[in-house]
Amino acid sequence: MSEKYNILIEYILYLRDRNPDKDWGHIWWWTTIYSYCRWNKNEERLIEEWKKLLKDKTEDIFIKMIQEWYDWKFERKYLKKYEEKFSDNYLYNFIYWISFDKATDKIYYFRFSEKLDLIWLKYLLKSYKQNSNYLFTNIALWSYYQHNQKFDLAYKFYLNDLKLDKDNPWVLAKLAILYSSMWYWEKWLLKAEETMRKVITLLPDIPWANAWYWETLNMIWKYVEALKYFEKYEKLTQWKHRTFEPFMRKTESYIWLWDFKEARFELDKESKYYFWEWYRFVYNDLDKKLEKLWY
């Protein structure tokens with residue numbers, strides 16, 4: 001297959017995934033498994049080039065298929081009619097996996113791993129069998145297996161990704177999440193910290209990387225050091241990022257440092273931050289801890 005097909009699909013993943021220029025947020029565990037991996041703001045010229053390819057008239061049947069599929073919000077039926085022609089192609093099977101039976105306004109985003117019907121997994125595995133060196137098939141597979149608690153299989157596909165792109169900070173960051181998911185083994189928490197330290201080296205001034213690093217430090221009881229990275233996070237976001245999650249991690253650090261006054265002060269900010277309702281269960285847990293330890 002032509003390299004331009006490969007890049008065109010990666011450009012679509014970039015478009016339909018979360019905006020990678022939005023450095024202030026963290027990368028959500030499952031909803032950003034693609035766009036941070038290849039595309040960045042230093043490649044604007046290439047982005048413009050492939051944007052043009054996506055819309056230009058062409059005689060290339062594969063690109064025509066992609067254009068039609070893209071214009072109709074990734075419905076599977078626009079690929080199905082090409083199955084006989086492209087069924088032996090890993091890119092075809094990859095995009096078939098991320099497609100919809102029927103697109104609606106409510107599901108106008110890619111099918112993510114935790115929502116994957118088992119019946120469609122065969123297309124993803126077929127893509128991998130046809131080309132085990134395609135970065136995004138490996139990314140999709142570790143995401144799927146990690147969400148289904150099959151950590152050994154997830155780890156296998158992480159290693160495949162790192163063979164293909166060994167210093168990819170976004171893959172490394174999510175590998176750290178895999179390690180921390182196995183927190184019942186202290187050695188995995190230490191491995192998570194080691195992995196996130198490498199991410200910080202690669203992305204020293206990216207806010208989400210600092211946020212994830214201090215969260216990892218919290219897990220291994222390095223609360224004072226964690227708070228230093230929170231201060232750096234605030235400076236990097238110019239004190240404007242108001243997602244509630246980071247401040248709950250800050251509260252957790254204060255609780256375990258027995259600074260209950262500061263912990264209560266942070267929890268009392270609940271109405272000032274975005275995504276409060278998403279994190280209510282975490283807030284309630286911290287609130288109970290604080291009441292038990294203090295008042």
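Residues numbered from 1 in each chain as written. Predicted model: local features only at pLDDT ≥ 70, side-chain atom pairs only at ≥ 80, totals over all residues. Heavy atoms only, no water.

A. Focus on the nonpolar core. Ranked by size, the top nonpolar core spans 94 residues in total, and within it I9, M65, I66, F94, I95 and W208 carry the most contacts. Here this core takes 9 residues from helix α10 (residues 169-181), the largest share from any one element. Other than its neighbours up to four places away in sequence, I9 contacts F62, I66, L91, F94, I95 and Y134. (Core = buried A, V, L, I, M, F, W, Y, C linked by side-chain atoms within 4.5 Å. Buried < 20%, exposed > 50% of the residue type's maximum accessible area, 1.4 Å probe, protein only. Helix = DSSP H or I, 4+ residues; strand = E, 2+ residues; numbered from the N terminus. Contact = heavy atoms within 4.5 Å.)

B. Geometry of the packing of aromatic side chains. Inspection of every chain in the model, using the stated rule, returns 25 aromatic pairs. Aromatic pair W72 and Y78: ring centres 5.5 Å apart, planes at 20 degrees, arrangement stacked. Residue classification places Y78 among the buried residues on the basis of a relative accessible area of 12%. On the numbers, 5.2 Å between centres and 55 degrees between planes, the contact of W258 with F260 is tilted. Residue W258 is classed as exposed on the basis of its relative accessible area of 56%. The structure contains a cluster of three or more aromatic residues connected by ring pairs, namely Y90, F94, W97, Y134 and F136. The cationic tip of R76 hangs over the ring face of Y96; the distance from NZ or CZ to the ring centre is 4.9 Å. (Phe/Tyr/Trp six-rings, centres within 6.5 Å; stacked < 30°, edge-to-face > 60°. Lys NZ or Arg CZ within 6 Å of the ring centre and 35° of its normal.)

C. Seen up close, the environment of D167. Relative to the assigned elements, D167 resides in the loop between α9 (151-164) and α10. Along the sequence, D167 and V199 sit 32 residues apart, while their C-alpha atoms lie 8.6 Å from each other. Every residue in contact with D167, bar those within four places of it in the chain, is listed here: L172, K198 and L202. A polar contact is formed between the side chain of D167 and the side chain of K198, at a distance of 3.0 Å. (Polar contact = N/O pair within 3.5 Å; in protein donor to acceptor, adjacent residues only side chain to side chain.)

D. Just the packing of α9 against α10, in detail. Axis separation between α9 and α10 bottoms out at 11 Å; the angle between their running directions is 160 degrees. The orientation of α9 with respect to α10, classified from their angle, is roughly antiparallel. The hand of the α9/α10 crossing is left-handed. Each of F151, A154, Y155, Y158, D161 and L162 in α9 lies in contact with α10, whose residues at this interface are V171, L172, K174, L175, L178, Y179 and S181. Taken together, the residues that form the contact of α9 with α10 break down as 10 nonpolar, 1 polar and 2 charged. (Axes fitted to C-alpha atoms, helices over the stretch in contact; angles between N-to-C directions. Parallel < 35°, antiparallel > 145°, perpendicular 65-115°, else oblique. Left-handed = near helix turned anticlockwise from the far one by under 90°. Nonpolar A, V, L, I, M, F, W, Y, C, P; charged D, E, K, R; others polar.)

E. The environment of K174, seen in detail. Here K174 is to be found in helix α10. Take K174: its relative accessible area is 2%, and that puts it in the buried class. Between the C-alpha atom of K174 and that of W142, which follows or precedes it by 32 residues, the distance is 9.7 Å.

F. Here's a closer look at α10. Under the 1.5 Å per step criterion, the end-to-end length of α10 is 18 Å for 13 residues, consistent within 8% with the ideal 18 Å. A large share of α10 lies buried, amounting to 12 of its 13 residues. By the burial criterion, the buried members of α10 are P169, W170, V171, L172, A173, K174, L175, A176, I177, L178, Y179 and S180. At the N-terminal boundary of α10, the capping side chain belongs to N168, with an oxygen 3.0 Å from the backbone nitrogen of W170. (Expected span 1.5 Å × (residues − 1).)

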